[in-house]
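Breakdown of the fold
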Amino acid sequence: MKINPLVILAVSVSCGVASAEIHGYPDDPKLPGVPYVVHDPARPQPPVVKPGGPIFAKPPSDAIMLFDGTSLDAWEPGWVIKDGSMVATGKDVQSKQSFGAIQMHFEWRLPAGRKVDGQTGGNSGVFLMGLYEVQVLQSNDNPTYPDGQAGAMYGQLPPLVNAITPQGEWQSYDLAFEPPVYENGKVVKPAKLTLMQNGVFVQNGESYLGPTEHRKLASYPPTHPVTAPLRLQFHGDPMEYRNMWVRPLGSRP
């Protein structure tokens, strides 16, 4: 079987540069409802929006603190604390507690000076229920395939806009996530994500096609957990996280 290599496509993009080389995979499976494939380098780049800045939100009274700058007790061992930040190190880590529908806030950054090139140099991700990735990537002046840039539902849907501030500055994500609903072994309501990046909505109640895949078309499994741990991705880069908290979202009384 022939293995399709990574393809570099030279295109003009609205990422603060006149042109750039976009790494991607034009021979990947086609996505439903759009004329693009998974990780398509020819997919239009989201327009750049200069945000007002990140939101530094203190946790509400009913929030579960996952990282306050001093303790990693909410996580399985693996990462380290440096200057009040949780630093990606060595492997993925997952939360000790499991969650379903949640509101979540966290802040992240890539230290200034580190070389980035598309998906390399400044890459991480937050996997909701350990399954559904919200992409974390230094996307300021760093074009890549759109469904892999910051704020993307990785491999499925690009963000509405690119609202990332320069490398070395803190970014904020505020999200609401709903897991899928199954009835009689079938999905009757897909998993949904709303995401605000630095105060700008980049996903607005969008549906996941299924748990995140790399270079494959996502689909839902026959069975699905009600709750599961969060997972933070180590992609070889020292991404930093801080002020991470969640609020489980229940039903109204």
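The preceding data block contains the structure.
First things first, this report covers the structure right here in the doc. Model, not experiment: these values are computed from the prediction.

Conventions used here
- Residues numbered from 1 in each chain as written.
- Predicted model: local features only at pLDDT ≥ 70, side-chain atom pairs only at ≥ 80, totals over all residues.
- Heavy atoms only, no water.
- Helix = DSSP H or I, 4+ residues; strand = E, 2+ residues; numbered from the N terminus.
- Buried < 20%, exposed > 50% of the residue type's maximum accessible area, 1.4 Å probe, protein only.
- Contact = heavy atoms within 4.5 Å.
- Polar contact = N/O pair within 3.5 Å; in protein donor to acceptor, adjacent residues only side chain to side chain.
- Core = buried A, V, L, I, M, F, W, Y, C linked by side-chain atoms within 4.5 Å.
- Pairing = 2+ DSSP bridges.
- Phe/Tyr/Trp six-rings, centres within 6.5 Å; stacked < 30°, edge-to-face > 60°.
- Axes fitted to C-alpha atoms, helices over the stretch in contact; angles between N-to-C directions.
- Salt bridge = Lys/Arg side-chain N within 4 Å of Asp/Glu carboxyl O.

If you trace the backbone, Ser-85 turns up in strand β5 (residues 85-87). Residue Ser-85 is classed as buried on the basis of its relative accessible area of 3%. Beyond its immediate chain neighbours, meaning those up to four positions away, Ser-85 contacts Phe-67, Val-80, Trp-170, Glu-240 and Tyr-241.

For Asn-184, which is not a glycine, the phi torsion comes out positive at approximately 55 degrees. Its place among the elements puts Asn-184 in the loop between β11 (181-183) and β12 (186-189). Phi angles above zero are rare outside glycine, and Arg-215 is one such case at about 65 degrees. Among the structural elements, Arg-215 can be located in the loop between β14 (200-207) and β15 (228-232).

What follows concerns the side chain of Asn-198. Along the chain, Asn-198 turns up in the loop between β13 (192-197) and β14. At 2.9 Å, the side chain of Asn-198 and the backbone oxygen of Ala-163 are in polar contact. Non-local contacts of Asn-198, meaning those with residues more than four positions away in its chain, are made with Pro-51, Gly-53, Pro-54, Ala-163, Ile-164, Thr-165, Trp-170, Gln-171 and Ser-172.

Attention now goes to the nonpolar core. Across soluble globular proteins, nonpolar side chains show a tendency to be buried alongside one another. Judged by nonpolar contacts, the single largest core of 40 residues is most densely connected at Met-104, Phe-106, Leu-128, Tyr-241 and Met-244. In terms of residues, this core owes the most to one element, strand β7 (residues 102-109), which gives four residues.

Our next topic: the pairing of β15. In terms of burial, β15 is a largely internal element, four of the five residues being buried. Of the pairings in the sheet, the one linking strand β6 (residues 93-99) to β15 comprises four bridges and is antiparallel in character. Counted as the bridge partner of Phe-99 is Ala-228 from β15. Relative to β15, strand β8 (residues 123-128) runs antiparallel, the two being bridged by two bridges. From the neighbouring strand, Phe-127 faces β15, where its bridge partner is Arg-231.

This part is about the packing of aromatic side chains. Two numbers describe a pair of aromatic rings. These are the distance of the centres and the angle of the planes. Counted according to the given criterion, the structure contains eight aromatic pairs. Between the aromatic rings of Phe-106 and Tyr-241, the centroid separation amounts to 5.9 Å while the plane-to-plane angle is 50 degrees, which identifies the pairing as tilted. Remark: Tyr-241 occurs in strand β16 (residues 240-248) and Phe-106 occurs in strand β7; sequence separation between them is 135 residues. Looking at Phe-106, the relative accessible area reads 0%, which means it is buried. The class of Tyr-241 is buried, set by a relative accessible area of 0%.

A word on the sheet that holds β6. Pairing is antiparallel across the open sheet formed by four strands, whose spatial order is β6-β15-β8-β9. Of all strands in the sheet, those bounded by a partner on one side alone are β6 and β9 (132-137). Adjacent strand axes in the sheet meet at a mean angle of 20 degrees when their direction is disregarded. Sheet analysis places β8 next to β9, joined by six bridges and oriented antiparallel. Each bridged residue has a counterpart across the sheet, and for Gly-125 the counterpart in β9 is Gln-135.

The final tally for this structure, using the stated rule, is seven salt bridges. For the salt bridge of Glu-107 with Arg-242, the shortest nitrogen-to-oxygen distance reads 2.8 Å. With Glu-107 in strand β7 and Arg-242 in strand β16, the pair connects residues that are 135 residues apart, well separated along the chain. Relative accessible area serves as the criterion here: at 25%, Arg-242 is assigned to the partly exposed category. Asp-237 is paired through a salt bridge with Arg-114; the nearest N and O atoms lie 2.8 Å apart. Residue Asp-237 is found in the loop between β15 and β16, and its partner Arg-114 is found in the loop between β7 and β8; the two are separated by 123 residues along the sequence.

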